Amino acid sequence: MADPTVLNESGLDAASRDYVAWVADALSLQMQTDSGGGIALLPLAPPADNEPPPAAPISLDTTSDLAKLWDLQRQFAGGAIESQASGEPSHVPGIAAVVLEPYKIRDGRVQLAGCTLEPRPFLRISTLGSEIEHHWFGRDGIKIENELLSRLNLDRLDAIPPRLKPGDKATMTAWIDAAASSLGTTQRIGVTVAWSQWVAGKVRIQFDQGAQTSLAFQGWAIEWEKGLLPPPMFKCPITEIESYDLVCTEDGTITAREGVGRCELTEREVLRTELGQCAVSGKNVLNDMLTTCPISHERFLSELAKKCDWCQRLVSPHAMDKNRCQQCSNATQNEALQNIVDKLQSAHPEYQKLSNWQGWVSDELALLIGRHWFSETLLLVSCPDLQIQRIGSRRRFSKAWHFDA
């Protein structure tokens, strides 16, 4: 139950008088109070010579007399008083100031685009029992919760000139009857159509270099003006960061300010997703300036790569042991190595005389070192086609290797 007003059987209390005064103001009637506490409602001004004499004043002396308000309302307002919430915004500029306030656009501007205000009706049916009760309904006939009424200021109404057209009468009658049917046999004393403004529009963000985007928003205008609704945040489709603080990169990508960074070598400002940290220098640089070490798998600047004397691969300085990479320096024996040796000797019988193989195997390459009496042979083999990429040799106790290329 909304807005209950407890009544005294012997007369009208202050809250009841307030309601009668609101109805009188909405119907342009004068309210007079007698010494006994009764109320009389009569026209504000006498009729002109060509108008019929006014009806006799309506007297409201006890709670039961409040039922007369419904007959009076149907006579003067065709069945429904029209109103709006106190403080209901009627212009876009006041809403624009609230909606646009949080945005910070670097080298650009923000404004509303296509913003409209649409008045939408709520229905209030006032009934009389042991108290005055106001029952609220939406356009779908569902009762409105008190929490929404408070947010929309519908507990404080100002009467307004009619917005309903003659053609709306059938719809209004059906709406009132459907809503009233849910209230049982309680005595109806008033019907009010309260209008609230529904706002819909877009926030247009445009950068000086030409890139632009729009963010849609909607809701009750009074909630926007009171700051109860958050303006829409921009969500970067790449970084997925949501923000009001927006920038545009050199390539025209709109994103959150916290989603951009600067390459420490080129000074280009790009999305942070386009930057990576060099594991060797610690600098944040463009991803395409980094390469992956085949041994440590760390990302580092290509220009800092070191070339292994044996396998010729470019690796991170962290993966080098003097002039050789760590894999070549730590050649071992294992099952994977033996498998590739067996395949190699089958494809290249000339190497069957070698034994005591050591080395390493990856998905792309294998480095194999085999021994034969007083010599050692180094083979760099591609996987899985077993093509020999490089051949090296040395005497058993020599430190120097000789390569064919």
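This one's a predicted model, so the numbers in the text were calculated from it and none came from an experiment. (Residues numbered from 1 in each chain as written. Predicted model: local features only at pLDDT ≥ 70, side-chain atom pairs only at ≥ 80, totals over all residues. Heavy atoms only, no water.)

Asker: Honestly, the overall build of the chain in this entry has me stumped. Any pointers?
Answerer: Secondary structure assignment for the chain yields eight helices and 30 strands. In terms of overall dimensions, the chain has a C-alpha envelope of 135 × 45 × 35 Å along the principal axes. Looking at the chain as a whole, 43% of its 405 residues qualify as buried. Of the contacts made within the chain by residues no fewer than 6 positions apart, 48% connect residues no fewer than 24 positions apart. Only carbon and sulfur atoms are counted for the fraction: they give 49% of the accessible area of the chain, which is about 21700 Å². (Helix = DSSP H or I, 4+ residues; strand = E, 2+ residues; numbered from the N terminus. Buried < 20%, exposed > 50% of the residue type's maximum accessible area, 1.4 Å probe, protein only. Contact = heavy atoms within 4.5 Å. Areas by Shrake-Rupley, 256 points an atom, 1.4 Å probe, with all protein chains shown as cover.)

Asker: What should I look at first to understand the pattern of salt bridges in this one?
Answerer: Across all of its chains, the model carries twelve salt bridges by this definition. One salt bridge connects Arg 151 with Glu 147, and the closest N-O pair in it is separated by 2.5 Å. Pair noted here: Arg 151 and Glu 147 are both in helix α4 (residues 146-151), with a separation of four residues, about one helical turn. By relative accessible area, Arg 151 is classed as partly exposed at 26%. Close ionic contact of Glu 376 with Arg 371 constitutes a salt bridge, the shortest N to O distance being 3.1 Å. (Salt bridge = Lys/Arg side-chain N within 4 Å of Asp/Glu carboxyl O.)

Asker: Any chance you could explain the environment of Gln 345 here in plain terms?
Answerer: Relative to the elements of secondary structure, Gln 345 occurs in helix α8 (residues 335-347). By relative accessible area, which is 14% here, Gln 345 ends up buried. Leaving out residues up to four positions away in the same chain, Gln 345 has contacts with Tyr 351, Gln 352, Leu 354 and Trp 357.

Asker: Before we go on, may I ask you to explain the confidence of the model for the chain in this structure?
Answerer: Detailed reading of the predicted coordinates is not advisable wherever pLDDT falls low. Scored by pLDDT, the chain has a mean of 89; 93% of the residues are at 70 or more. At the low end of the mean pLDDT range in the chain sits strand β1 (residues 2-6), at 38; at the high end sits strand β21 (residues 299-301), at 98. The model gives residues 1-10 a pLDDT under 50, and that stretch makes 34 contacts with residues more than four places away or in other chains. (pLDDT = per-residue confidence, 0-100.)

Asker: When you look at the sheet that holds strand β3 (residues 39-43) in this model, what are you seeing that I'm missing?
Answerer: Strand pairing in a sheet takes place through backbone hydrogen bonds and is either antiparallel or parallel in direction. Judged by pairing direction, the sheet is antiparallel, and its three strands sit side by side in the order β2-β3-β4 without closing on themselves. The open sheet has two free edges, formed respectively by β2 (29-33) and β4 (58-60), since each of these has just one partner strand. Sheet twist, expressed as the average angle between the axes of neighbouring strands with direction ignored, equals 25°. In terms of strand pairing, β3 meets β4 through three bridges, oriented antiparallel. When the bridges of β4 are listed, Ile 39 appears paired with Leu 60. Its contacts with the sheet place helix α1 (residues 14-26) against β2, β3 and β4, and it is angled at close to 150° to β2. (Pairing = 2+ DSSP bridges. Axes fitted to C-alpha atoms, helices over the stretch in contact; angles between N-to-C directions.)

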